Amino acid sequence: MKMAWRNIWRNPRRTLVILTAVFIGVTSMVFLAALMKGMVFSMVENSLYNLTGHVLVRDADFVADPTIVNRLKGIDKILTKVKAQLPEGGKALKRIRLDGFLNTARDSVGVNVVATDLDAEKGVSFIGDIQIDGLRLDNSDKGSVLIGYALSKKIGLSVGKKFVLSMQGTDGELIARSFRIKGIFHTGQEEIEKSVIIMPYIAAEKMLSIDGDGTEIVVDIPISDFEKDDCETLANKINNVMPDSIKALSWKDVIPAVSAYLTLYRSFMYIWYLIVFIAMGFGIVNTVLMAVYERMREFGLLRAMGARSIDILRMVLTEVCLLIIIGLVAGNIVAYIMISVMSSTGLDLSAYSSGMDMINISRIIYPVLTFGDLVKADLTVLALGMAISFYPACKACSFSPVETMRNV
Amino acid sequence: MSIVQVTNVEKIYTQGKVEVKALDGITLSINKGEFVALAGPSGSGKTTLLNIIGGIDSPSKGGVTVDENIYSEMNSFQRADFRLYNVGFVFQAYNLIPVLSAVENVEYVLKLRGIKSKECRERSMAILSEVGLEDMADRRPADLSGGQQQRVAVARAIVGEPALILADEPTANLDSETGEDLLKLMLKLNKEKNVTFIFSTHDKMVMDYATRVIYLRDGKIEDTHTI
Ligand SMILES: Nc1ncnc2c1ncn2[C@@H]1O[C@H](COP(=O)(O)OP(=O)(O)OP(=O)(O)O)[C@@H](O)[C@H]1O
Ligand SMILES: [Mg+2]
């Protein structure tokens, strides 16, 4: 051990090469992983913030046929039952969410009507914190709505103007009613601004004459790591206390594309780890091999003295292990500092934001570092680093004393 | 009582297509406590013979028995272990591990045997003072003179109290006075501890210390002098 430690410092330049390789390798692994994770998590979060929530409870048939026929009858009772299953800090609220048509003198546009308790949406969906031009919507207001900025441009209606909204009623007939635009909201996401119309819960309830009914219950729970299965667990728990006609789905099932992204990100991460590792591995193997050849005579001498191959193997591996651990510690510290700094300031990507909107990534990325990721990266580097060092270590064992002590 | 028994040993090295007969039918027997010199011109096979007796090289033909152990019946692992407990080596140069101090070099052999650090240190310091280097114990090889380095090497060879010490031209890199001192030291240890020494040399003066001189030429024993 002492010998290994001293051997490391025999050729400081070479030691520095290995340390740098490990350091850069692990820093970039950890840092990029954290950044990627931050990006993917922000994408997931934003997608869920677009009304999906973490768990969505709906009528079992609503998924295939999202019409008023498949609504949740007596939604308040169901809501109470759902709330009983929530973990600490969880929230649940009811919505009526159905498609309809917005008619003006010139246009007829398909829209998605979201009727909800605007205050309760805070922290659950974007509705809770949208910027509004005009007036805020009062929860008891039965005749007013908010429309998106993009939609207002498209149909040419501004605050205060009226339009007719038509939706299918429980009997299959169209129901039309006129609403006043109380405000125009901005989300930065064109897709949402173009299609969503927001109104108080009571307004839709009255218009459609479905007192006491709704179409969905959205659940929001505190989540630190989207890769974990908290939402599935909760969905299962809710399903267990509900009749078969009511179905709770986790966001992964509601928007499978987003969860596919998560899988993709994970595979990408492994590829990234592999690439960094190969580069780092070459650096380590080459330098250790050089060091070993330089000390050929010494290994021969040790063999002559009666050292077994395993003693020499252990010696070389101890040296490599020490080097890798030093590199890892340094790399972890630097990566941790970089990530800490960035998780308060964030990495501003607004310059590229036009492309980012498409895939629901925020303009500012906050890297996410979990302890598990750090440990995973470190163990990968250490284990693989030691594994590939077996090659130079075995070389060191193979030197025969006779060959190496000749030509003195 | 014979400690080393070499019977009809041949060693052929092949370098490309050329075969070199380094040893050609060597038979000899060395008794416990002898102080034997191997003499002979360059290329006569001294190093090869020492390596074969030490078990770090193996003969092409013939057999070697050391302390009733037959090398050809051991695997390389057993031979390493055998060396660790029974054979000490001193080479012409580069005997020491540069990153270890003198005393650490000496105790390395004991540590390989799994002896406790405290005992290793005590025994190594004792041997170092026997070779007159107790003040240099903490110096690295680079800070020792050539003669001092060889003394450390002798101390390391003997610290584990092996039956046999093999020294390949231990004085070749030393001036004659230092070389003579080293020989005197080896002889003293040979007498005190009854350890068998076999060393090779070109030097007439060094041979004079030996109880027996074996002359090699072209891989054969040319002559033997017993004093
Ligand atoms: N590994 C080897 N491969 C090929 N030939 C070898 C090898 N080792 C020794 N030889 C040859 O065997 C012969 C004997 O060599 P050896 O080193 O035993 O002689 P020596 O008496 O020790 O010589 P010197 O006084 O120069 O040390 C020489 O001709 C040498 O070239
Ligand atoms: Mg020689």
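Residues numbered from 1 in each chain as written. Chains lettered and ligands numbered in written order. Predicted model: local features only at pLDDT ≥ 70, side-chain atom pairs only at ≥ 80, totals over all residues. Heavy atoms only, no water.

Chemist: An account of the overall build of chain B is needed here, citing residue identities and associated values.
Modeler: A count of helical and extended segments in chain B gives 7 helices and 10 strands. Scaling as 2.2 N^0.38, a compact globule of 227 residues should have a C-alpha radius of gyration of about 17 Å, and chain B matches this with 17 Å. In terms of its C-alpha atoms, chain B occupies a principal-axis envelope of roughly 50 × 40 × 40 Å. Counting all 227 residues of chain B, 54% fall into the buried class. Considering only contacts in chain B between residues 6 or more positions apart, those separated by 24 or more positions represent 69%. Accessible surface computed for chain B: about 10000 Å², of which carbon and sulfur atoms make up 46%. Here chain B contributes 26 positive and 31 negative side-chain charges, whose respective centroids are spaced 3 Å apart. (Helix = DSSP H or I, 4+ residues; strand = E, 2+ residues; numbered from the N terminus. Rg over C-alpha atoms; globule rule 2.2 N^0.38 Å. Buried < 20%, exposed > 50% of the residue type's maximum accessible area, 1.4 Å probe, protein only. Contact = heavy atoms within 4.5 Å. Areas by Shrake-Rupley, 256 points an atom, 1.4 Å probe, with all protein chains shown as cover. Lys, Arg positive; Asp, Glu negative; His and termini not counted. Charge placed at Lys NZ, Arg CZ, Asp CG, Glu CD.)

Chemist: Which residues make up the sheet that holds strand β1 (residues 2-15) of chain B, and what are the values?
Modeler: Residues and elements named next belong to chain B. Across the sheet, 4 strands lie side by side as β2-β1-β4-β5; this open sheet has antiparallel pairing. The open sheet has two edge strands, β2 (18-31) and β5 (69-70), and neither has a second partner. In terms of strand pairing, β1 meets β2 through 11 bridges, oriented antiparallel. By the bridge assignment, Ser2 is partnered in β2 with Asn31. (Pairing = 2+ DSSP bridges.)

Chemist: Can you explain the sheet that holds strand β9 (residues 212-217) of chain B? Please cite residues and give values.
Modeler: Residues and elements named next belong to chain B. One open sheet holds the 6 strands; their spatial order is β6-β7-β8-β3-β9-β10, and the pairing between them is mixed. Single-partner strands in this sheet number two, and they are β6 (87-90) and β10 (220-226). Sheet twist, expressed as the mean angle between neighbouring strand axes with direction ignored, is 15 degrees. In the sheet, strand β3 (residues 35-39) pairs with β9 via 4 bridges, with the strands oriented parallel. Looking at the pairing, Val36 lines up with Arg212 of β9. Packed onto the sheet, helix α1 (residues 46-54) meets β3, β6, β7 (164-168), β8 (196-200) and β9 and runs at close to 155 degrees relative to β7. (Axes fitted to C-alpha atoms, helices over the stretch in contact; angles between N-to-C directions.)

Chemist: Please set out the environment of A:Ser47 residue by residue, giving values where relevant.
Modeler: Residues and elements named next belong to chain A. Looking at the element boundaries, Ser47 is found in helix α2 (residues 12-52). For the pair Ser47 and Ile198, spaced 151 residues apart in sequence, the C-alpha separation works out to 18 Å. From its side chain, Ser47 meets the backbone oxygen of Met43 in a polar contact 2.8 Å long. (Polar contact = N/O pair within 3.5 Å; in protein donor to acceptor, adjacent residues only side chain to side chain.)

Chemist: Could you give an account of the packing of helix α3 (residues 102-112) of chain B against helix α4 (residues 117-130) of chain B, naming the residues involved and the relevant values?
Modeler: Residues and elements named next belong to chain B. For the pair α3 and α4, the least separation of the axes is 9 Å and the interaxial angle reads 125 degrees. Relative to α4, the element α3 is oriented oblique. For the pair α3 and α4, the sense of crossing is right-handed. Side by side, α3 and α4 meet where Ala102, Val103, Glu104, Val106, Glu107, Leu110 and Lys111 of the first sit next to Ser117, Cys120, Arg121, Arg123, Ser124, Met125 and Leu128 of the second. Broken down by class, the residue content of the contact of α3 with α4 amounts to 7 nonpolar, 2 polar and 5 charged. (Parallel < 35°, antiparallel > 145°, perpendicular 65-115°, else oblique. Left-handed = near helix turned anticlockwise from the far one by under 90°. Nonpolar A, V, L, I, M, F, W, Y, C, P; charged D, E, K, R; others polar.)

Chemist: How would you summarise the interface of chain B and chain A if you had to cite specific residues and measurements?
Modeler: Across the boundary between the two partners, chain B contributes 28 residues, which contact 22 residues of chain A. Counting the surface lost from both chain B and chain A, the interface buries some 2200 Å², and carbon and sulfur atoms represent 67% of this. Between the two partners, chain B and chain A, sit 2 residue pairs in polar contact (both at pLDDT 80 or more). Contributions of two or more residues to the side of chain B that touches chain A are made by β1, α2 (76-86) and α3 of chain B. For the side of chain B that touches chain A, the element with the most residues is α2(B), which contributes 5 residues. By residue class, the composition of the side of chain B that touches chain A is 17 nonpolar, 4 polar and 7 charged. (Buried area = accessible area lost by both parts, 1.4 Å probe.)

Chemist: Residue-level account of the environment of B:Val159, with values.
Modeler: Residues and elements named next belong to chain B. Of note, Val159 is situated in helix α5 (residues 146-159). On the accessibility criterion, Val159 (2% relative accessible area) is buried. The spacing of Val159 and Arg123 is 36 residues in sequence and 7.1 Å in space, taken between C-alpha atoms. Setting aside chain neighbours within four positions, we find Val159 in contact with Val106, Leu110, Arg123, Ser124 and Ile127.

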